[in-house]
Structure formats: structure tokens, C-alpha cells
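# Structural description and commentary
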Amino acid sequence: MQRRDLQRRDFLRVTLLAGGALCVGVSVGCTSADVRRMRAASKDRGAFQPTHFLTLYPDGRIHVGTGKSEMGQGTFELYRLLVAEALSVDPKAITVSNAIASPEWHVMGLQITGGSTSTPESWLPIRSGAAAARMMLIRAAAAAWGCAPEGCTAEAGHVVHTATKRRQPFGALLAAAAKLPIPEDVAPKTGPFTVLGKRHIRADIEPKLVGAPVYGIDVQVDGMVKAMVLRPPVFGGTVKTLDAAAALKLQGVIEIFAFELGVAVVAKKYWQARRAAALVKIEWDHGVNAELDSGALMAAAVKRSAEPGQTHAQRGDVDEALAVAGERTLEVVYTGPYLAHAAMEPLNATVHVEANRVTAWLGTQFQSGTVGIFSRLFGVPRAQVFLHTTFLGGGFGRRSCLDFAIEAGLISKRVGRPVQVIWSREDDTTGGYYRPLMVARMRGALDAGGRPTAFAAHGLSQNLLKFESWAPSMAPEWMPATMIGRAAGQLLSTQSVPNPVSLEGLTDISYAIPNQRVDYTAIQVGVPVGFWRSVGHSVNAFATEGLINELAHLAGQDPVAFRRGLLGQDARKLAVLEAAAKAGDWGEPIDAGWGRGVAVAKSFNTYCAMVIEAGIFEGQIRVRRVSAAIDCGTPINLDMIEVQVQSGVVYGLSAAIWQKIDLVNGRPQQSNFHDYHAMRMSECPPISVAIMPSTASPSGVGEPGLPPVAPALAEALYQATGKRLRSMPFADHLTG
Amino acid sequence: MKLKVDGKTVEVDVPADVPLLWVLREELGKLGVKFGCGKGLCGACTVHIDGQPQRSCVFPVAAAEGRTIRTIEAIADGGALHPVQRAWRELNVPQCGYCQAGQIMTTVALLEANPNPSDTDIDAALSGNLCRCGSYPRIKRAVHRAAELSAEGEAT
């Protein structure tokens with residue numbers, strides 16, 4: 001998921017709330033509910049809880065609750081460090097866990113983790129809330145000492161009277177602090193920081209060393225049964241006939257039945273469900289997608305890209321500039337296939353639907369969507385939906401879909417017990433909600449001096465902003481479904497809704513090219529699609545940086561120097577490019593058979609550039625070195641930034657080199673790691689990450705390491721072999 | 001049938017061809033052993049059988065009868081982390097953490113057989129363990145560090 005959420009929320013605000021400027025973050029205000037909670041925590045537990053996410057205990061323990069999902073990207077650690085800095089405590093004193101889903105975690109109406117938003121969203125509000133707690137503790141101590149709060153400070157979990165060095169641990173001040181008014185909009189301290197900007201061992205590491213964390217697949221609930229689902233082989237298919245006679249005889253099988261999403265095989269244990277499922281005979285009505293062929297779809301989209309689409313952004317006159325440039329033009333088509341996310345933990349969900357409440361335990365990225373859809377589907381108020389977020393064994397956007405939660409809920413409702421649905425790896429790979437198939441036809445022109453005068457892109461893909469599928473989960477309970485449908489339909493039919501998601505990486509490129517145009521054409525086909533790490537950037541950065549590299553060659557210029565001449569207005573982008581070039585020994589001689597490629601991209605407000613060294617040997621692409629530089633604003637945790645960039649690089653290389661989902665007769669052809677290849681240790685190059693110093697507001701790092709990967713690699717392979725690769729996966733082009 | 005798991009002998013009553021992974025998880029509650037692919041392709045389910053790393057998702061339970069099975073849950077000795085786990089902590093290796101039990105199990109077996117592995121040795125041993133979070137560069141450093149910590153432990 002990505003920052004397009006801000007625009008989506010904006011649309012909803014406009015339609016539902018009639019206006020208002022886009023705002024980032026949320027003020028941690030003080031409501032009477034906050035005061036009541038604080039007083040209750042003090043009375044019942046002797047604890048100090050001035051805000052929903054922060055509780056201090058008399059024994060010195062500090063607990064931080066978070067509404068963000070932890071999928072490895074470090075949200076637990078983010079919350080811990082922000083609170084530690086603002087509260088002036090050692091991070092080791094703080095524990096973090098997922099709070100139950102609730103509106104108090106909403107930001108602009110959503111509780112969702114994705115789009116590299118956790119860091120920018122949390123930066124001010126979490127520190128401000130912790131700073132308010134710090135202020136109250138200081139005031140409590142000052143009152144007890146009979147001195148002015150201004151003469152006190154907080155350090156190492158104590159309030160200290162500066163002049164006399166008298167000190168009180170926070171734990172001794174909790175009762176008094178809980179009687180004070182909660183200050184609003186407290187400005188957190190500015191740098192220099194003691195905790196932020198350093199390297200830290202992550203908050204959730206201890207259980208991850210000993211096999212202890214509870215992922216969705218590990219949830220255990222009294223009375224729980226297990227299930228697997230036999231899903232239609234073709235998206236949108238339905239069950240025609242079902243013969244479960246033989247399967248029902250097996251040990252442990254409870255029920256086998258057809259439902260909206262396929263056939264459920266319910267048993268006491270998953271291994272029993274799997275054995276039974278092998279004996280179930282189903283005749284499917286494959287439905288309208290039975291002839292779907294992704295190869296034909298790609299060819300049709302490439303063909304269609306030659307005609308104009310709907311213009312979403314333009315500057316100057318691209319057609320004129322192209323005409324004037326004559327031979328000094330390029331027209332090239334960049335493509336990417338459908339992609340599965342392939343997180344290490346196969347999808348799963350544990351749900352218990354009862355008459356008046358729904359309880360669920362799952363590794364979801366989209367808590368408010370899940371609560372909302374359960375509320376609608378099962379007719380219970382949102383306040384009666386209790387959603388516990390577990391650790392996620394990888395998310396990458398797939399776990400922001402609602403399908404796997406809905407499935408488990410429907411089965412639970414039918415069997416009247418808590419049900420844990422587990423997907424096999426094959427289920428997970430063939431289950432849809434893919435990164436859409438994407439085409440970008442790129443055109444560029446140079447003037448006689450070799451400077452680009454035109455940049456045009458026509459992007460084609462399925463529209464990810466399908467309001468009708470998720471709007472019901474978000475709209476207020478009182479709003480009838482028909483009204484939501486009308487509002488969604490109106491937004492879509494006006495055509496005035498831009499599609500920033502599908503075009504991100506083609507617009508806002510900040511190269512000083514005077515004539516630019518970006519068009520979009522929606523591909524209308526029934527493949528379920530979703531948000532895949534870096535979303536539109538995952539192909540569009542490939543297309544943009546690919547065109548820039550190709551124009552550089554047409555101009556006879558070095559690709560870094562070529563970009564340097566175009567980035568006069570974006571100092572941060574230029575700086576990160578220069579840092580990567582330096583780290584990657586750009587311009588130095590390189591041994592035969594190897595090439596260096598460069599790319600730079602801004603995504604989710606973060607800048608990332610990289611130099612990749614690669615070559616093709618014995619028909620195999622080998623990557624031997626990646627030198628990256630990242631500017632994500634004020635760095636919060638140097639260690640986390642480094643590993644998130646490495647993470648994006650490995651994920652991006654796997655996709656660029658090997659991965660695809662082919663659809664033939666409507667059926668996904670890839671099913672497990674033997675044919676959906678994920679990079680292995682032996683294939684992984686050293687990846688260095690230079691982190692740019694900055695005092696700008698921090699931006700996220702979960703996704704930005706990915707977009708520059710494919711274009712930098714393609715350029716490296718071009719330099720090594722003269723072969724220009726414009727469609728992923730690259731390995732498909734290495735026959736013979 | 002009787003199984004020796006993490007130092008205890010237990011009785012299970014399941015068909016002979018049920019993969020050891022599911023017996024460990026669902027009959028014995030060893031949830032630290034992970035399900036990733038079911039085909040021996042990803043290594044998340046790695047356990048030791050008679051000291052050798054095996055993919056429990058394709059290992060029929062009957063073939064494990066009478067042999068010594070060790071899971072991630074027994075690698076730490078009481079409260080003391082194994083040198084591999086200490087190295088993993090020192091170098092902040094896990095991200096989502098789902099693959100790490102398997103990575104650690106493979107590494108423990110590697111160091112028992114080869115106390116000072118080269119990068120090439122590490123690649124060969126660990127390429128059966130997938131990580132979708134891309135923690136490979138950290139894992140590799142941590143394997144070297146674990147070798148150092150193990151050697152220090154031997155010396156003292």
C-alpha cells in the first residue's frame with residue numbers, strides 16, 4: 001500500500017464530510033474519555049496511562065501499544081524509539097505489543113499499515129503524546145518538591161531537579177501525575193537526540209530467536225477447528241457439483257461444504273483437512289474468466305498503448321517536441337507481469353463469528369477494513385468486533401486485502417465455532433490479489449545539444465482504486481450499502497478521479513524536462529489485484545529510469561552525468577544519486593563481462609538511488625554488488641533503514657530477474673517456490689546502504705528500496721552485454 | 001508410535017505418512033517449527049533428525065520413529081541462548097522472523113560439522129532456507145560471528 005491512501009481518504013472526506021484540507025498526522029488531544037481512562041488505570045492498576053498508547057507502571061515498566069502491524073519492517077521498534085526519546089528513558093525499559101483494533105488507532109478514518117506511512121504518521125503524534133506524559137511527570141514531581149516545573153527535567157526514567165540533583169523515578173510519581181490535566185499538542189523536544197539516529201537492536205528480537213513469536217498461523221483458541229478451502233481454479237468460478245462422501249469418512253473431518261468462495265474442508269487438525277481435501281471431487285463452473293490468457297492480455301495492452309489514453313498530467317507540448325526532434329527520439333515499451341507477494345507465512349486467519357460478536361486473530365495490515373467488513377457481513381456493530389493483530393510472517397501488501405479474513409468468517413458462521421483457515425503455498429501463490437500486469441509506453445526526445453525536451457508515458461494497468469470493494473468496510477455503520485455504491489459509482493463515472501496509484505513513478509519525476517505528459521488507460525479484466533510492495537513504482541520506475549538511461553545513451557552521455565544535468569531543482573534526488581555513484585565506484589573500470597547500471601527514484605517521499613554490478617554468464621543473470629543510498633529525512637534507526645533497503649533490493653531483484661504469474665485458461669501457472677523463484681542466499685550480492693544525513697521530517701523506508709532495482713539492473717546488463725531488457729522477468733529473455 | 005522430541009519421548013497416534021511438521025505443530029504443540037511451502041523448497045520447517053537438518057514438511061512421521069528430533073525450541077539451553085542465537089541478536093538479524101527458526105537450525109548443524117565456514121560454505125548450506133525479507137547479508141555476517149562465539153566458548 002502507499003501514500004495514495006492520503007488521496008483516497010481525501011476523496012472520502014470530500015464526499016462524506018464536505019471538504020477540509022488534507023492533513024497529515026493526528027493531534028493527540030485530551031478528551032474526557034482519555035481522562036476517564038487515565039483515572040481508571042490509576043485506580044485499578046496504579047498505572048499511569050495519559051494516552052491510549054502509553055502506560056507506565058510503578059515498577060518502572062513502560063508499555064507501548066501500537067495499532068501498526070509488525071511484518072518485519074520495524075513498527076514495534078519505531079514506536080519504542082519514539083517514546084524512549086520523548087520520555088527520556090532507555091528503550092530497554094519499554095515493551096511493545098499490538099493493541100486490539102479500535103477507532104483510537106485511526107488516522108483519517110483508517111487503521112492500516114502500508115504505503116511506508118508508519119514513520120511519517122507517527123513522528124509527531126507519538127512523540128507529542130509521550131512528551132505530554134513527560135510533562136505531567138515533571139509537574140507531579142515539581143508539585144511534590146514545591147518548585148517550578150521549569151527547574152526540573154527528565155532523564156533515564158527519573159525526574160531530576162536541575163539545581164539540587166534531587167530525583168524521583170517515574171514509578172513513584174504515577175499516582176500524582178494521573179490527577180493532573182493532560183496537556184494538548186505538546187511539542188516534543190528537537191535534536192540533538194540521544195536515542196534517535198543511532199543503531200538499535202530491534203524491540204521484538206528476543207522471541208524471534210527462539211521460535212516464540214505468535215504469527216497468525218500459530219494462534220490457538222479454545223474450541224478452534226482447522227479448515228482449508230478448495231478455491232475455484234479460475235477467478236470468479238463457482239461450485240457446480242460437490243462429492244465429499246469419501247473425504248467425510250477420514251479421521252477428524254467435521255464438515256465439508258460449498259460456500260461463496262469455494263469448498264470448505266473443516267477438521268480438527270489441518271493435516272486431517274489436507275488428507276480429506278485430496279479426496280473431495282468438485283465440478284466447477286469456471287465462469288467468465290475461463291479463457292483469460294495473460295500473454296494475450298499483455299500483447300493487447302502493448303498494442304493499445306500505442307493509442308492515446310486519458311491524460312492525467314501534462315506540461316508543455318509533448319507532440320510538438322517529439323515532432324521537432326525528428327530522429328532524436330525514442331519510443332520504447334516497458335512491462336511487468338502479474339506478481340504474487342509470496343510472504344514466508346502462507347495466508348491464514350482465525351475467526352469466531354457469534355450471534356452478537358465477532359472475534360478474530362490474524363496477521364492483517366488493514367484492521368479497520370477487516371472490522372468494517374465483519375460488521376457488515378455478520379450484522380454486528382463495529383464495537384462488537386474484536387480484532388487481535390498477530391505478528392505477520394511478511395506482508396508486502398497482500399495482508400492488506402480482506403479476502404482471507406472474509407473466508408474464515410464465513411466458515412466460522414456456518415460451523416458455529418472458531419475456525420482457523422490455513423492456505424497452502426499453492427493456495428497462496430494462485431490465490432490472486434496480485435501486483436497488476438503493467439505496461440508503460442515511453443517516448444522521449446532530445447534537442448541538438450543532447451538535452452531531453454520531451455518525456456511522455458502511457459501507463460496501462462488494472463485500476464487499484466476500486467472503491468466499491470472496500471468502501472463498504474470503511475463507511476459509517478449508518479450508511480446503507482446502496483448509498484455507498486452510488487457515491488463510489490459517481491466518483492468513478494465522473495472520470496475526474498485521477499489514478500495516482502497506477503501512475504506513480506511516471507509523474508513527479510523532477511527531471512527538468514520542459515514537455516511532459518502522462519496518460520492512463522485502465523485494463524478491465526477480472527483478475528483480483530492488490531497492492532504489492534511499492535505499487536505503481538514497481539514497474540513505473542523501471543520505465544522512467546529505463547527511458548532516462550536510454551536517452552542518455554542516445555545523447556552519447558554518461559547516465560549519471562545526464563541525470564546531474566536534469567536535477568537542478570531536486571537537490572535531495574541529486575545528492576542521493578551522487579552518493580550511490582560514489583559508493584558504487586561509478587566511472588571506474590570494470591572487468592570483462594560485467595556492467596554497472598544506475599537508477600534513482602523518489603517514492604513515498606523517500607529518495608533512493610543505487611548502482612548495480614551484474615552480468616550474464618552461461619545463460620544466468622548474476623548480480624555481484626549493489627551500492628545504495630537513501631534519503632528518508634531524519635534517520636530514526638540506522639540499522640532498520642539499512643536492512644529495509646536491503647530487503648527492498650532482494651525483493652526487487654527476485655521480481656526483476658525471475659518472478660511472474662502467467663494465467664492460461666484463467667489458471668495461474670506458478671504455484672510454489674520451484675516455479676515462483678525467490679532469491680536465495682547464494683544468489684544474493686553484498687548490498688551497501690549509505691544513509692544521507694538529514695533534518696527533514698522522516699519518511700518511510702519499507703518500500704523505497706525497491707523501485708530503482710529493475711532499471712539499475714537492466715542498465716548494468718546492457719552495459720555488460722549490449723542486450724536491452726524492457727520486460728520483467730529478465731530471465732525469460734535468456735534463451736539459448 | 002513413539003517419538004523423541006527435544007529430549008522427551010512422546011506417543012503420537014497418526015497415520016504413518018503425515019509429515020513430521022504437522023505432528024510437531026498440531027500433535028505436540030511445537031509451533032516454533034514453521035510451515036512455509038509443504039514441498040521442502042523453503043526450509044522454514046527445518047529440524048534436526050539425528051543431528052542432520054531435515055525439512056520436516058516432507059519427512060513422513062513414521063521415518064522419524066526412534067530417531068532423535070530436535071526443534072528450535074530446544075536450541076537454547078535452558079535460559080542460555082546458543083552462540084548462533086547470540087550472534088543473531090548481536091547483529092539484529094530477524095525482520096519478520098518467520099524463516100529464522102529454519103535459518104538458525106541449519107546454521108547450528110553447519111557449525112557443528114564445519115566450525116569455520118567460508119562464505120561459499122555458508123551459501124551452500126543455507127541456500128535451502130529462503131528469506132523473503134532479504135536478511136541474507138545479515139545472516140551471513142551472523143554465521144561468521146556465531147563461529148567466533150562458538151570458538152570463544154570452546155576456549156573458555
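Not measured: the values here are computed from a predicted model.

This part is about the interface of chain B and chain A. Between chain B and chain A, the residue contacts involve 53 residues of the former and 59 residues of the latter. Buried surface at the junction of chain B and chain A, both sides included, amounts to about 4,700 Å², of which 57% is carbon and sulfur. Counting the contacts that link chain B with chain A gives 33 residue pairs in polar contact (both at pLDDT 80 or more). Among the secondary structure elements, those contributing two or more residues to the side of chain B that touches chain A are α1 (20–27), α2 (83–90), α3 (100–113), α4 (119–126) and α5 (136–155) of chain B. The element contributing the most residues to the side of chain B that touches chain A is α5(B), with 6 residues. Here the residues of the side of chain B that touches chain A sort into 27 nonpolar, 11 polar and 15 charged.

This part covers the sheet that holds strand β22 (residues 595–603) of chain A. Residues and elements named next belong to chain A. Strand order in the open sheet formed by 4 strands is β22-β23-β24-β27, and the pairing between neighbours is mixed. Each edge of the open sheet is held by one strand with a lone partner, namely β22 and β27 (687–691). When the angles between neighbouring strand axes are averaged without regard to direction, this sheet yields 20 degrees. Bridge count for strand β23 (residues 606–617) against strand β24 (residues 620–631) is 11 bridges, and the pairing is antiparallel. Bridging from a neighbouring strand, Val611 pairs with Ser627 of β24. Its contacts with the sheet put helix α19 (residues 571–583) on β22, β23 and β24, and the angle it makes with β23 is roughly 35 degrees. Packing against the sheet, helix α20 (residues 638–657) makes contact with β23, β24 and β27, and its axis sits at approximately 135 degrees to β27.

On to the packing of α20(A) against helix α21 (residues 709–721) of chain A, then. All names here are of chain A. As a packed pair, α20 and α21 sit with axes 9 Å apart at the nearest point and diverge in direction by 60 degrees. By the angle class used here, α20 and α21 are oblique. Seen along the crossing, α20 lies across α21 with a hand that is right-handed. Note on element contacts: α21 touches α20 through Val709, Ala710 and Leu713, opposite Gly648, Val649, Gly652, Leu653, Ala656 and Ile657. Class assignment of the residues belonging to the contact of α20 with α21 gives a composition of 7 nonpolar, 2 polar and no charged.

Our next topic: the pattern of salt bridges. Oppositely charged side chains may form a pair once their charged atoms are brought near each other. For the structure shown, the criterion picks out 50 salt bridges over all chains. Measuring nitrogen to oxygen at the nearest pair gives 2.8 Å for the salt bridge that ties A:Glu121 to A:Lys68. Placement of A:Glu121 in helix α4 (residues 118–145) and of A:Lys68 in the loop between β3 (62–66) and α3 (75–87) is noted, with a sequence separation of 53 residues between them. Of the charged contacts in the structure, one is a salt bridge between B:Glu112 and B:Arg70, with a shortest N-O distance of 3.6 Å.

Once that is clear, we can look at the sheet that holds strand β5 (residues 152–155) of chain A. Residues and elements named next belong to chain A. Across the sheet, 3 strands lie side by side as β5-β6-β7; this open sheet has antiparallel pairing. Strand pairing shows two members of the sheet lacking a second neighbour, β5 and β7 (167–169), which therefore form its edges. Taken pair by pair, the neighbouring strands of this sheet meet at an average axis angle of 25 degrees, ignoring direction.

Before going further, it helps to examine the packing of aromatic side chains. The geometry of an aromatic ring pair is captured by two quantities: the separation of the ring centres and the angle between the planes. One pass over the structure, following the stated rule, counts 16 aromatic pairs over all chains. Relative to A:Tyr434, the ring of A:Phe235 has its centre 6.0 Å away and its plane inclined at 75 degrees; by these criteria the two rings are edge-to-face. One end of the pair, A:Phe235, is in the loop between β8 (225–230) and β9 (238–243); the other, A:Tyr434, is in the loop between α13 (425–430) and β19 (438–446), with 199 residues separating them in the sequence. As far as burial versus exposure is concerned, A:Phe235 and A:Tyr434 are alike and both buried. Relative to A:Tyr434, the ring of A:Tyr338 has its centre 6.2 Å away and its plane inclined at 50 degrees; by these criteria the two rings are tilted. In this pair, A:Tyr338 sits in the loop between β14 (329–336) and β15 (348–353) while A:Tyr434 sits in the loop between α13 and β19, placing the two residues 96 residues apart along the sequence. By relative accessible area, which is 0% here, A:Tyr434 ends up buried. An aromatic cluster is built from A:Phe76, A:Tyr215, A:Phe391 and B:Tyr98, whose rings are joined through pairwise contacts. Here the basic side chain of A:Arg231 rests over the ring of A:Trp423, its NZ or CZ set 3.6 Å away from the ring centre. The ring of A:Trp532 has A:Arg435 lying over it, and the distance from NZ or CZ to the ring centre is 5.5 Å.

Scoring rules and cut-offs
- All residue numbers here refer to positions counted from 1 along the written sequence of the relevant chain.
- Note on labels: chains are lettered from A, ligands numbered from 1, in written order.
- Selection of residues for local features in this predicted model requires a pLDDT of at least 70, selection of side-chain atom pairs for listing and counting requires 80 or more, and totals for whole chains, interfaces and linings are taken over all residues.
- No hydrogens and no water enter the side-chain calculation; it runs on all heavy atoms of the structure.
- Whether two residues touch is decided by their heavy atoms; if any such pair falls within 4.5 Å, the residues are in contact.
- Note on definitions: buried area is the accessible-area loss of two parts on being combined, 1.4 Å probe, summed for both.
- Polar contact is defined as a pair of N or O atoms within 3.5 Å, subject to the rule that within protein one atom must be able to donate a hydrogen and the other to accept it, and that residues adjacent in sequence are counted only when both atoms are side-chain atoms.
- Each helix is a run of DSSP H or I of at least 4 residues and each strand a run of E of at least 2, with the numbering of both proceeding from the N terminus.
- Three classes are used: nonpolar for Ala, Val, Leu, Ile, Met, Phe, Trp, Tyr, Cys and Pro, charged for Asp, Glu, Lys and Arg, and polar for all others, with Gly counted as polar.
- A pair of strands is treated as paired once DSSP finds two or more bridges between them.
- Interaxial angle, 0 to 180 degrees, is taken between N-to-C directions of lines fitted to C-alpha atoms, where a helix line uses only the stretch in contact.
- Working definition: roughly parallel below 35 degrees, roughly antiparallel above 145 degrees, roughly perpendicular at 65 to 115 degrees, and oblique for all remaining angles.
- When the near helix sits turned anticlockwise from the far one by under a right angle, the crossing is termed left-handed; a clockwise turn instead gives a right-handed crossing.
- Every case where a carboxyl oxygen of Asp or Glu lies within 4 Å of a side-chain nitrogen of Lys or Arg is listed as a salt bridge.
- When the centres of two rings from Phe, Tyr and Trp lie within 6.5 Å, Trp using its six-membered ring, the rings pair. Their planes under 30 degrees apart give stacked, over 60 give edge-to-face, and anything left gives tilted.
- Burial classification: accessible surface area is computed with a 1.4 Å probe over protein chains only, and a residue below 20% of its type maximum counts as buried, one above 50% as exposed, and the rest as partly exposed.
- Consider the ring centre and the ring normal. A charge sits over the ring if Lys NZ or Arg CZ is within 6 Å of that centre and within 35 degrees of that normal.

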